[in-house]
Amino acid sequence: MTQTTPKKGHTREAWSGQTAFLISAIGSAIGLGNIWRFPGVAYSNGGGAFLIPYVVALLLIGLPILLLDYAIGHSLRGSAPWALRRLARGGEYLGWFQVGVCFVILTYYAVVLAWAGRYALYSITEAWGADPQTFFVTDFLQVTETTAAFSLTPVAAVAIPLAIVWFVVVLITARGLTRGIELANRIFLPLLVVLFSAMVIRALFLPGALDGLNAFFTPQWSALGDPHVWLAAVAQIFYSLSVAFGIMLTYSSYLAPKSNLTGTGLVAGFANSSFEILAGIGVFSALGFMAYGQGVAVSDLEGLTGPILSFVTFPQIISMMPGGPLFGVLFFSSLTLAGVTSLLSLLQVVSGGLQDKFAFSPKKAALVMGVPATVISLIVFGTQSGLNALDVVDSFINNLGVVGSAIALTILAAVSGPRLEGLRQHLNSVSSIKIPKVWVLLVGVVAPVALSLMMGSAIIDYVRGGYGGFPTDYLAVFGWGSVGAALTFAVVVTLLPWRNDRPERVSRVAAEADRQLRGEKR
Amino acid sequence: MSGIAIVTMVCTLAIIWGGLIGSIVALRVLPGPAAGDVEPSGVEAE
């Protein structure tokens, strides 16, 4: 281990209470994927039948890994690098890799918020006109047939709102945990629920809405025999809950020692899924209206997931309906709010790591992370080629970086002595709902096997067919390169000396937790 | 909507939203080492 230079007096922040943590954890879990990913994925993987593998994945993989994050963060009381360093020898590398993955994600996640914020304004005048697809790609993002795969030409319509997004989120993060992130979540999450519920209620009363719901919920039972459908359910739950890449681990490390971990974990997990179901109802009611207006079946519609759903299909729907501008403002404001609360949690992973290792204040950590993140975000994603870069980086960093991190975390926790059993005992020692022993099997065997299948499938696809028709060198830089950058970052920062004296000044609480993990008696 | 779609929707809402309501009730009602909110702690001094 490298020599440290102790710096006395550094203190860790903490949530003002368990409810604040719960609201922030739910705000983190509910993100863009709940609105634009889940409805389309469910529909194309068996409709109502998809909900069976979805619930199975939630109970057997999603919630168990969520509780693993909670147990590690809460018992070892530190950000990912600090907690994993204490969990196992060499664990700090994984901790900083998680920080690196979060940093990569937040550089492009902010761009989508900028798009959504801009579209909330565009909704007022329905600025996309009669052809939302051409407007989105050519007019708004300024992607043309002559646009190079990588362009440094800035797009003002994206870059200006992107700079505003960065200013706001860095400001919130700099205010610290309670006065910044907690306060923002206390405001934004209820607002999101109100706005999104209003949008769903409006959608339910549109003509054709029932046809949309019929398409969404009618089960295609044959899909249950397809292993890809089960993997799709695991992927949806995994990405949606934001587990195993530092977020929930970091958030739970700021909880007071006496906190109900399993109770809050179940509420957060089910709240996230409840919002997804609500999104499915709202999105498919609106799609049913669109199909009704065009005189086609819902199954004939295209662009049912991702940015195309939000920035092409929904503008079409908004233009077709009476009171469309208000509906558009509700939809895009919801998208923005859902994204902001998730972006803040990504920022806190990076900020928390910097604070723990280098004894930075929240303000200093926000600046050290925020300035380079803003620059990278503007240069790579705020330009004419931003859409290409976002598409590739998002695919690779999620399929390889996030899933790889999760596999490593579950294996690390399983093989490092009697850790999983110790973590289970920690969960049960502070929680009202007790975790059975099967949790050890789910986290130590079932989850890594399922996640390895996911990652293996993605790697085979990348190697055999590339991705999205992009040139190999482009994928090498932005795809494999983004994962490589996170790995390099992890190695370099791990080798830097600790400036915080916490390793030599282990708190009483952490020491007690450590004894429990090692199975030692008092 | 077809009958099977209605049944699927009702079952889904019962499981997912029922799970949410049930877990909130459990968090509030079940006695435990730390049932309810913990004491406000502000910045934790070590």
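S.K.: Account for the overall build of chain A, naming residues and giving values.
M.R.: Within chain A, the secondary structure is distributed over 21 helices and zero strands. Radius of gyration (C-alpha) of chain A: 22 Å, near the 24 Å computed for a compact globule of 522 residues. C-alpha atoms of chain A, sized along the principal axes, occupy 70 × 50 × 45 Å. The burial tally for chain A puts 63% of its 522 residues in the buried class. Across chain A, every contact between residues at least 6 apart in sequence was considered, and the portion connecting residues at least 24 apart equals 85%. Here chain A contributes 30 positively and 24 negatively charged side chains, and the mean placements of these two sets differ by 19 Å.

S.K.: If you had to explain the environment of Y474 of chain A to someone new, which residues and values would you point to?
M.R.: All names here are of chain A. Among the secondary structure elements, Y474 is positioned in helix α20 (residues 472–495). Residue Y474 is classed as buried on the basis of its relative accessible area, which comes to 6%. Considered as a pair, Y474 and V329 are 145 residues apart in the sequence and their alpha carbons are 36 Å apart. In contact with Y474, other than residues within four places in its own chain, are A149, F150, S385, N388, A389, V392 and G479.

S.K.: Which residues make up a nonpolar patch on the surface, and what values go with them?
M.R.: On the surface, I52, V56, L59, L60, W221 and W230 of chain A together with I4 of chain B cluster together into a nonpolar patch covering about 600 Å² of accessible area. Along the polypeptide, W230 of chain A turns up in helix α11 (residues 227–241).

S.K.: Tell me about the packing of aromatic side chains, residues and numbers included.
M.R.: Here a ring pair, both rings aromatic, is described through the centre-centre distance and the interplanar angle of the planes. All names here are of chain A. Evaluated as defined, the whole model comprises 42 aromatic pairs over all chains. The interplanar angle of 85 degrees and the centroid separation of 6.4 Å between the aromatic rings of W15 and Y254 together place this pair among those described as edge-to-face. Placement of the pair is W15 in the segment before α1 (18–29) and Y254 in the loop between α12 (247–253) and α13 (261–294), with a sequence separation of 239 residues. Residue W15 shares its accessibility class with Y254, and that shared class is buried. When the ring of Y119 is compared with that of F332, the centres are 5.3 Å apart and the planes differ by 55 degrees; the resulting orientation is tilted. Here Y119, found in helix α6 (residues 91–125), pairs with F332, found in helix α15 (residues 324–358); they are 213 residues apart in sequence, far enough to count as distant.

S.K.: Account for the side chain of S345 of chain A, with residues named and values stated.
M.R.: Residues and elements named next belong to chain A. Looking at the element boundaries, S345 is found in helix α15. With a relative accessible area of 1%, S345 lands in the buried category. Side-chain polar atoms of S345 contact the side chain of S28, separated by 2.9 Å. Not counting residues up to four positions away in its chain, the partners in contact with S345 are S28, I247 and Y251.

S.K.: Can you break down the packing of helix α4 (residues 51–76) of chain A against helix α18 (residues 419–430) of chain A residue by residue, with the values?
M.R.: All names here are of chain A. For the pair α4 and α18, the least separation of the axes is 9 Å and the interaxial angle reads 80 degrees. Looking at the two axes, α4 sits roughly perpendicular to α18. Contacts from L67, L68, A71, I72, H74 and S75 in α4 reach L420, L423, H426, L427 and V430 in α18. Grouping the amino acids of the contact of α4 with α18 by side-chain chemistry returns eight nonpolar, three polar and no charged.

S.K.: Please give an account of the confidence of the model for chain A that cites residues and values.
M.R.: Note that predicted coordinates carrying low pLDDT should not be read in detail. On average, chain A scores 91 in pLDDT, and the residues at 70 or more come to 93%. Under a pLDDT of 50 for its full length, residues 1–6 of chain A has, in the predicted model, 13 contacts with residues more than four places off or in other chains.

S.K.: Which residues make up the pattern of salt bridges, and what are the values?
M.R.: All names here are of chain A. Evaluation of the coordinates by the stated rule reveals five salt bridges over all chains. Two residues, D356 and R12, come together in a salt bridge whose shortest N-O distance is 3.2 Å. Here D356 is found in helix α15, whereas its partner R12 is found in the segment before α1, with 344 residues between them in sequence. For the pair shown, D356 and R12 are each scored as buried. Among the salt bridges present, the one from R85 reaches E92, with a minimum N-O distance of 3.3 Å.

Rules and cut-offs
Residues numbered from 1 in each chain as written. Chains lettered and ligands numbered in written order. Predicted model: local features only at pLDDT ≥ 70, side-chain atom pairs only at ≥ 80, totals over all residues. Heavy atoms only, no water. Helix = DSSP H or I, 4+ residues; strand = E, 2+ residues; numbered from the N terminus. Rg over C-alpha atoms; globule rule 2.2 N^0.38 Å. Buried < 20%, exposed > 50% of the residue type's maximum accessible area, 1.4 Å probe, protein only. Contact = heavy atoms within 4.5 Å. Lys, Arg positive; Asp, Glu negative; His and termini not counted. Charge placed at Lys NZ, Arg CZ, Asp CG, Glu CD. Patch = residues over 30% accessible without salt bridge, like charges linked within 9 Å, V, L, I, M, F, W, Y side chains within 5 Å. Areas by Shrake-Rupley, 256 points an atom, 1.4 Å probe, with all protein chains shown as cover. Salt bridge = Lys/Arg side-chain N within 4 Å of Asp/Glu carboxyl O. Phe/Tyr/Trp six-rings, centres within 6.5 Å; stacked < 30°, edge-to-face > 60°. Polar contact = N/O pair within 3.5 Å; in protein donor to acceptor, adjacent residues only side chain to side chain. Axes fitted to C-alpha atoms, helices over the stretch in contact; angles between N-to-C directions. Parallel < 35°, antiparallel > 145°, perpendicular 65-115°, else oblique. Nonpolar A, V, L, I, M, F, W, Y, C, P; charged D, E, K, R; others polar. pLDDT = per-residue confidence, 0-100.

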